[in-house]
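Here's the letter readout for the chains.
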Amino acid sequence: MNDETSRFPDTTRRRLLRGMALGSAAAGLGLWREPVWALATPNQSGVLAGKDFDLSIGRTPVNITGRAASAITVNGSLPGPILRWREGDEVTLRVRNTLAETSAIHWHGILLPANMDGVPGLSFHGIEPGGDYLYRFRVRQSGTYWYHSHSSLQEQAGVYGALIVDPLEPEPFAFDRDYVVMLSDWTDMDPHRLFARLKKRSDYDNLYKRTVGDFLRDAREDGITAAVADRKAWGAMRMSPTDLADVNGNTYTYLANGRRADDDWTGLFTPGERVRLRFVNGAAMTFFDVRIPGLKLTVVAADGQNIQPVEVDEFRIAPAETFDVIVQPERDEAHVVFAQAMDRSGHARITLAPRMGMRAPSPALDKRALLTMDDMGHGSHAMSTAEMSCGANMDHSKMSMPMSTPMQAHPASETGNPFVDMQTMSPTPRLDDPGIGLRDNGRRVLRYADLHSLQVPDDDREPSREIELHLTGHMERFVWGFDGIKFSDAEPVRLKYGERVRFTLVNDTMMEHPVHLHGMWSDLEDADGKFLVRKHSVSIPPGTKRSFRVTADALGRWAFHCHMLMHMEAGMMREVRVEE
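Quantities reported herein were computed from a predicted structural model and do not represent experimental measurements.

1. Concerning the sheet that holds strand S21 (residues 465–474)
With mixed pairing, six strands are arranged side by side in an open sheet as S22-S21-S24-S29-S26-S27. Strand pairing shows two members of the sheet lacking a second neighbour, strand S22 (479–482) and strand S27 (531–535), which therefore form its edges. Neighbour to neighbour, the strand axes of the sheet diverge by 25° on average, direction disregarded. As paired strands, S21 and S22 are joined by four bridges and run antiparallel to one another. Within S22, the position partnered with Thr472 by the bridge is Gly481.

2. A closer look at the pattern of salt bridges
Within the structure shown, the criterion is met by 42 salt bridges. The salt bridge involving Arg359 is made with Asp264; its shortest N-O contact spans 3.2 Å. Of this pair, Arg359 sits in the loop between strand S20 (347–353) and S21 while Asp264 sits in the loop between strand S11 (253–256) and strand S12 (265–268), and the two are 95 residues apart along the sequence. Where Arg291 meets Glu314, a salt bridge forms, and the shortest distance between an N and an O atom there is 3.8 Å. Of this pair, Arg291 sits in strand S14 (residues 288–291) while Glu314 sits in strand S17 (residues 314–317), and the two are 23 residues apart along the sequence.

3. Overview of unusual backbone geometry
Note that the residue after Leu78, namely Pro79, is joined by a cis bond; omega there is 0°. Here Pro79 is to be found in the loop between strand S3 (69–74) and strand S4 (82–86). The phi dihedral of Asn75 falls on the positive side, at around 55°, and the residue is not glycine. Within the secondary structure, Asn75 sits in the loop between S3 and S4. You can call Asn75 partly exposed: its relative accessible area is 35%. Phi angles above zero are rare outside glycine, and Asp303 is one such case at about 50°.

4. Overview of the side chain of His470
Structurally, His470 can be placed in strand S21. A residue is classified by how much of its surface remains accessible, and His470, at 1% relative accessible area, is buried. Polar contacts involving the side chain of His470 include one to the side chain of His410, which spans 3.4 Å. A polar contact of 3.5 Å, which involves the side chain of His470, links it to the side chain of Glu414. Excluding residues within four positions of it along the chain, His470 makes contact with Gln408, Ala409, His410, Pro411, Glu414, Gly481, Phe482, Asp483, Val506 and Asp508.

5. Side note on the sheet that holds S4
Two modes of strand pairing occur in sheets, parallel and antiparallel, and in both the strands are linked by backbone hydrogen bonds. Spatially, the five strands line up as an open sheet ordered S1-S4-S9-S8-S6, and their pairing is mixed. The open sheet has two free edges, formed respectively by strand S1 (47–49) and strand S6 (106–108), since each of these has just one partner strand. Ignoring which end each strand starts from, the neighbouring axes of this sheet average 25° apart. Inspection of the sheet shows S1 paired to S4 by three bridges, in the parallel sense. For Leu48, the partnering residue across the bridge sits in S4 and is Leu83.

About the cut-offs
Residues numbered from 1 in each chain as written. Predicted model: local features only at pLDDT ≥ 70, side-chain atom pairs only at ≥ 80, totals over all residues. Heavy atoms only, no water. Pairing = 2+ DSSP bridges. Helix = DSSP H or I, 4+ residues; strand = E, 2+ residues; numbered from the N terminus. Axes fitted to C-alpha atoms, helices over the stretch in contact; angles between N-to-C directions. Salt bridge = Lys/Arg side-chain N within 4 Å of Asp/Glu carboxyl O. Buried < 20%, exposed > 50% of the residue type's maximum accessible area, 1.4 Å probe, protein only. Polar contact = N/O pair within 3.5 Å; in protein donor to acceptor, adjacent residues only side chain to side chain. Contact = heavy atoms within 4.5 Å.

Purely geometric stuff here, so don't read any function into it on its own.
Dropping the structure here:
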């Protein structure tokens, strides 16, 4: 038992020891421990457990918004069935594609051979219409993960589901019930039409642009000079400070476990029980801010990896991330698990209740936040000159930067690049920042700086080299890339098998990007290079510069991309090639 476990109360420790004893006995008999949620919650999406699985990808009629629509599903459900594996097992998954187009399933965050990773064009050719593909690999980890299509925009259309890997060893925390909370965003639109609309009008969903009335108010509060300078700065960038999400509740219906907020899913508990909630953000384009009014959240795992428990009131979860949280409702009353979109355009929810039919009201959405120059790593310097443009053609010599503030260098490929509309000037990691819209809200909000893995990486070598990449884009043209280069025009990032490297990502855009490296862990570090937490997806807010270490221990061709689906489709992706 580790030191963190000793923090739990005696009753919890006794419960943990009892669980360890039962688990050990079951393991000794070679028995599969029956999933707790399958026993306690008959309305949880289907659970498939074991070593052999048959999955089928196909079209399914749905009615989520009140109108008939067509989804692409796994085994006919949205989200797909929960897959439950056990660490150390060799799993076999026969995936059949009944679509009239190529498909594939990617096992997000799972360490496996490159040809099992499910990325058409890199791992394999994809699963042809009417065809099958046999995935078979040994499971080398445990925790909460998920799976989704990596073929075109099928993830947006419904091809995703949760993936739970039970550990060989008892977990360092106790719980009585275990639920998956799969957050997602849904639209009746064909995802290709949605992407085409973004290319034509990237601001289609931004209904909250500032008005003349806002200008007059700012002039009264800040002075006419500051108000004019602010509008000129944003105008020069052709951006809006209200643009927090490319697609929002104007288009999306937000879902939790496949249900709308007005038809939510219920997880049962007995007062006093410890309930484990495995949050998975399977949304294509939505960041969620999650809280349960009246309950503290103890975060015990991030991206499938156990962390030192941290108690918070709220956390932000980026697309592709997972967080395991334990709550302990004491009273005979219902609680709402409230997940509002980052731009406050809507929410998803589930209910925790002692009995079916009980429901707690949703709180009001928080006030919408506005982006500032600080958010984009410009600080007050951006406002110091009327000649600021912030684009790739910006003359940095005209900026009045203090001598103590280092100016961020940018790759030559960004210079004069028509696909780069902004360059951050003084980015910092900002790991202790809860994020836009969550600062000073009176709640204790999880920050990346709070995440500390229970175990340090096996590889403690200093990186032999650094690979710096800039996240770039052009909002109006809806073009995204690394270093101003789209995936289709980019050369692979080449790693030598066995080397330890540092990836440093600089966000030169006004959007946040959760970046996912396939096949290998990303060991997030702080500004001093000290290891924090092991993740598979690292979110990079605007104007920040964050780094993580990677051990190139998996040969092959791997995807490395933003997990905002439309950003990836528009070019923010690279191939990482690990070679001997």
